[in-house]
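Observations on chain architecture
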Protein chains: 2
Amino acid sequence: MARRSFPLPRVYGLLEPGPVVLLTTAHRGRSNVMAMSWHTMVEFEPPLVACVVSSRDYSFAALKATRQCVINIPTADLAQTVVDCGNVSGRLVDKFAAFGLTPLPASQVGAPLIDECYANLECRVVDTRLVNRYDLFVLEVVKAWIDPQRKEPRTLHHRGRGAFMVAGRTIKLPSRMK
Amino acid sequence: MARRSFPLPRVYGLLEPGPVVLLTTAHRGRSNVMAMSWHTMVEFEPPLVACVVSSRDYSFAALKATRQCVINIPTADLAQTVVDCGNVSGRLVDKFAAFGLTPLPASQVGAPLIDECYANLECRVVDTRLVNRYDLFVLEVVKAWIDPQRKEPRTLHHRGRGAFMVAGRTIKLPSRMK
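Residues numbered from 1 in each chain as written. Chains lettered and ligands numbered in written order. Predicted model: local features only at pLDDT ≥ 70, side-chain atom pairs only at ≥ 80, totals over all residues. Heavy atoms only, no water.

1. Re the overall build of chain A
Broken down by element type, chain A carries five helices and twelve strands. Against the 2.2 N^0.38 benchmark of 16 Å for 178 residues, chain A shows a C-alpha radius of gyration of 15 Å, consistent with a compact globule. Principal axes of the C-alpha set define a box for chain A whose edges measure 50 × 35 × 30 Å. Counting every position in chain A, which comprises 178 residues, the buried fraction comes to 60%. Counting contacts in chain A only where the partners sit at least 6 residues apart, residues at least 24 apart contribute 65% of the total. For chain A, the exposed surface amounts to about 7100 Å²; the carbon and sulfur share of it is 49%. The distance from the centre of the 23 positive side-chain charges to the centre of the 15 negative ones in chain A is 4 Å. (Helix = DSSP H or I, 4+ residues; strand = E, 2+ residues; numbered from the N terminus. Rg over C-alpha atoms; globule rule 2.2 N^0.38 Å. Buried < 20%, exposed > 50% of the residue type's maximum accessible area, 1.4 Å probe, protein only. Contact = heavy atoms within 4.5 Å. Areas by Shrake-Rupley, 256 points an atom, 1.4 Å probe, with all protein chains shown as cover. Lys, Arg positive; Asp, Glu negative; His and termini not counted. Charge placed at Lys NZ, Arg CZ, Asp CG, Glu CD.)

Below you can see the structure in the form of structure tokens.
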């Protein structure tokens, strides 16, 4: 897809609605993808994100060692791929090859962007104080990309056990909130 | 509304999709409500939630002092109320009275449930290590309530600057994910 640089101060608007994301890492010559729903914004600028990557996940060691990852935001057309990524471990399978995902080089980190996702956030780990207790990492988004064609992306929102809410219409109300 | 106790191990399914919530606190005889989108699950059981309550918010002092709150989940019919709650500080206004919200006593905490919300999660603060740096609290959900009538709630998901995505349809795929 045609990707455009996206302003870092606006990144919160991509993650605040709570989409399922695909987290990519690269470690020892191997890339991996995992589905992740446990993330939240922590700061607007620079954009900071807290997320939980379980120590049971194959991505955990890569994230801890490299301190780099990419948060890729998929849309509903990738629902089956999201579930496929969540159903199998990167220990066993090269998920890019198995599920037809296209890795692209990132600009600031070693982990790849996923071409099929409408937005990609290159991240560095900036705080690991809650990793031991909760597997919770604090990331800083250092570079963001978006497909400018997709104005109202049909993101996926995990309700558990394979049920996903697909993003509906957007309403706009006068608000002083950021 | 007719409220029913909701099993704690299933609470993650309410918050994982990323809805805007209304956080209630009570401190020194005064209840308050704030709109919040920066939250994530951290553990399934007991259900732990990380959330950011800014030190600029009136609720911050109450949460820090009482270590208790309720996460109330509104639906699209309350969109204007959510914005109203976000546009004004509890320092100046009794938001329950001003916006027609009905406080109900909680069972485990001093903060009130909001009757108009379809789910209510009574919480205690269990970790404040990241409060100084990020205003990030870790909460344990100690009691959960739900309106059993609402199977597919039209939750609100904040995209920034008063734009809210309204929850769309739910799709179901065979998944081994929790």
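2. Regarding the side chain of Thr 24 of chain B
All names here are of chain B. As for its position among the elements, Thr 24 is in strand β2 (residues 21-27). Within the local environment of Thr 24, its side chain forms a polar contact with the backbone oxygen of Pro 112, the two atoms lying 2.6 Å apart. With sequence-adjacent residues up to four places away left out, Thr 24 is seen in contact with Asn 32, Val 33, Cys 69, Val 70, Asn 72, Phe 96, Ala 111, Pro 112 and Ile 114. (Polar contact = N/O pair within 3.5 Å; in protein donor to acceptor, adjacent residues only side chain to side chain.)

3. A word on the side chain of Gln 68 of chain A
Inspection of the secondary structure puts Gln 68 of chain A in strand β6 (residues 68-73). Only 2.6 Å separates the side chain of Gln 68 of chain A from the backbone nitrogen of Gly 110 of chain A, close enough to count as a polar contact.

4. Some thoughts on the environment of Ala 50 of chain B
Relative to the elements of secondary structure, Ala 50 of chain B occurs in strand β5 (residues 48-52). Overall, the relative accessible area of 0% leaves Ala 50 of chain B in the buried class. Each C-alpha atom of the pair Ala 50 of chain B and Phe 137 of chain B lies 5.6 Å from the other, and the pair is 87 residues apart in sequence. In contact with Ala 50 of chain B, not counting residues within four places along its chain, are Leu 136 of chain A together with Trp 38, His 39, Thr 40, Val 42, Leu 136, Phe 137 and Val 138 of chain B.

5. Thoughts on the relation of the copies chain A and chain B
Note on the identical chains: chain A maps onto chain B by a rotation of 180 degrees and an axial translation of 0.0 Å, with an RMSD of 0.0 Å. Such a combination of rotation and displacement between the chain copies is what one expects of a two-fold axis. By residue overlap, the copies meet face to face through one surface: 98% of the interface positions of chain A are interface positions in chain B. (Least-squares fit on C-alpha atoms with pLDDT ≥ 70 in both.)

6. Details of the interface of chain A and chain B
Contacts between the two partners involve 58 residues from chain A and, on the opposite side, 58 residues from chain B. Across the interface of chain A and chain B, roughly 5300 Å² is buried in total on both sides, 58% from carbon and sulfur atoms. The three residues of chain A that bury the most area against chain B are Trp 38, Arg 159 and Met 177 of chain A, which together make up 15% of that side's buried surface. For the pair chain A and chain B, the interface holds 28 residue pairs in polar contact (both at pLDDT 80 or more). Per-element accounting of the side of chain A that touches chain B gives the leading share, ten residues, to strand β12 (residues 163-172) of chain A. Partitioned by chemical class, the residues of the side of chain A that touches chain B number 29 nonpolar, 15 polar and 14 charged. (Buried area = accessible area lost by both parts, 1.4 Å probe. Nonpolar A, V, L, I, M, F, W, Y, C, P; charged D, E, K, R; others polar.)

7. Here's the deal with the environment of Phe 137 of chain B
All names here are of chain B. Position of Phe 137 relative to the elements: it lies in strand β10 (residues 136-146). For the pair formed by Phe 137 and Ser 59, sequence separation is 78 residues and the distance between their alpha carbons is 12 Å. The contacts of Phe 137, once residues within four sequence positions are left out, are Val 49, Ala 50, Cys 51, Val 53, Phe 60, Leu 63, Lys 64, Val 125, Asp 127, Thr 128 and Val 131.

8. Looking at unusual backbone geometry
Residues and elements named next belong to chain A. Here the residue pair Glu 45 and Pro 46 is connected by a cis peptide bond, since its omega of -5 degrees sits within 30 degrees of zero. Not every positive phi belongs to a glycine, and Arg 28 is a case in point at roughly 50 degrees. Mapped onto the elements, Arg 28 comes out in the loop between β2 (21-27) and β3 (30-36). Backbone geometry at Arg 67 places phi at a positive 55 degrees, although glycine is not the residue there. Following the sequence through the fold, Arg 67 ends up in the loop between α2 (59-66) and β6.

9. Side note on helix α3 (residues 79-87) of chain B
Every buried residue of α3 of chain B is listed here: Ala 79, Thr 81, Val 82, Val 83, Cys 85 and Asn 87 of chain B. Contacts from the buried residues of α3 of chain B go to β12 of chain A together with β2, β3 (30-36), α4 (95-99), β11 (156-160) and β12 (163-172) of chain B.

Honestly, it's all geometry; don't read function into it.
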